[in-house]
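Chain by chain, the residues run as shown.
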Amino acid sequence: MAHETRLVDGLRSGSRAEFSTLVERHAREVYAFLARLSGEEAAEKLTHETFASAWNGASTFQTDRPLRVWLLGLAAKVAAAREGFDGRWENAARVELDSVGAGHPGIPADHAEAGRLAALSVADLPFPQRAALVLRAFGGFGIPEIAATLNASGDAVAALLGAAYLSFVNRLEVRAVR
């Protein structure tokens, strides 16, 4: 974490070399997160916006957190703004699930088809649920890391994840039936 602090200190002092290092080290992960969160079409632009936010907001980095948590938090904020989400995670956690009501179909035998159905089901989730789920499932974050990344309470994150898993399974089942 000391090398991360030095990197951010360089950013804070306006070092373009440190900024290039930051981009080289983290662009792939930020892009992958944003592609899962907002789709391939938007991911490149959102990645650029995320790193612009990092350049302009280096003073917001808290040295007690990993750099990736800060960067993915910036990415989530950029994606949230694009989707019109106001950042009120606690309010979003209280939203009731829509009832999708599906049976229990078999998993498609074709793994590519199963992957496509899963991607579409994730894309259909409301943004707050999608953000929490992508950080958990693809980023390997625990609830405390997700809460820090999204600047939300642990209870809100747990509620969002619970809602996301239920919504995801229901959406996946509905898509598999079609």
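Please refer to the structure placed before this passage.
Presented here is an overview of the structure given in this document. (Residues numbered from 1 in each chain as written. Predicted model: local features only at pLDDT ≥ 70, side-chain atom pairs only at ≥ 80, totals over all residues. Heavy atoms only, no water.)

1. Regarding the side chain of His 26
Here is step 1 of the chain: By the element assignment, His 26 lies in helix α2 (residues 16–38).
Here is step 2 of the chain: The residues contacting His 26, other than those within four sequence positions of it, are Phe 51, Leu 67 and Leu 71. (Helix = DSSP H or I, 4+ residues; strand = E, 2+ residues; numbered from the N terminus. Contact = heavy atoms within 4.5 Å.)

2. Focus on helix α7 (residues 127–137)
Here is step 1 of the chain: Within α7, nine of the 11 residues are buried, which leaves it mostly tucked inside the rest of the structure.
Here is step 2 of the chain: For α7, the complete set of buried residues consists of Phe 127, Pro 128, Gln 129, Arg 130, Ala 131, Ala 132, Leu 133, Val 134 and Leu 135. (Buried < 20%, exposed > 50% of the residue type's maximum accessible area, 1.4 Å probe, protein only.)

3. Considerations on the pattern of salt bridges
Here is step 1 of the chain: Throughout the structure, instances matching the rule amount to five salt bridges.
Here is step 2 of the chain: Arg 12 is the salt-bridge partner of Asp 9, the closest N and O atoms lying 3.6 Å from each other. Separated by three residues within a single helix, Asp 9 and Arg 12 lie in helix α1 (residues 2–12), roughly one turn from each other.
Here is step 3 of the chain: Assessed through its relative accessible area of 39%, Asp 9 is described here as partly exposed.
Here is step 4 of the chain: Using a relative accessible area of 39% as the deciding quantity, one classes Arg 12 as partly exposed.
Here is step 5 of the chain: The shortest N-O distance in the salt bridge between Glu 29 and Arg 68 comes to 2.5 Å. Taken together, the positions of Glu 29 in helix α2 and Arg 68 in helix α4 (residues 67–83) put the pair 39 residues apart, joining distant regions of the chain. (Salt bridge = Lys/Arg side-chain N within 4 Å of Asp/Glu carboxyl O.)

4. Quick word on the nonpolar core
Here is step 1 of the chain: Formed by 47 residues in total, the largest nonpolar core has its most connected members in Phe 33 and Leu 71.
Here is step 2 of the chain: For this core, the leading source of residues is α4, giving 11 residues. (Core = buried A, V, L, I, M, F, W, Y, C linked by side-chain atoms within 4.5 Å.)

5. Observations concerning the packing of aromatic side chains
Here is step 1 of the chain: Enumeration over the complete set of coordinates arrives at three aromatic pairs.
Here is step 2 of the chain: Aromatic pair Phe 19 and Trp 55: ring centres 5.2 Å apart, planes at 75 degrees, arrangement edge-to-face. On the criterion of sequence distance, the pair formed by Phe 19 in helix α2 and Trp 55 in helix α3 (residues 40–56) is long-range, its members being 36 residues apart.
Here is step 3 of the chain: Owing to a relative accessible area of 25%, Trp 55 belongs among the partly exposed residues under this scheme.
Here is step 4 of the chain: Where Phe 85 meets Phe 127, the ring centres are 5.7 Å apart and the plane angle is 40 degrees; that geometry is what we call tilted. Of the two residues, Phe 85 sits in the loop between α4 and α5 (89–94) while Phe 127 sits in helix α7, which places them 42 residues apart along the sequence. In this structure, Phe 85 and Phe 127 share a single accessibility class: buried. (Phe/Tyr/Trp six-rings, centres within 6.5 Å; stacked < 30°, edge-to-face > 60°.)

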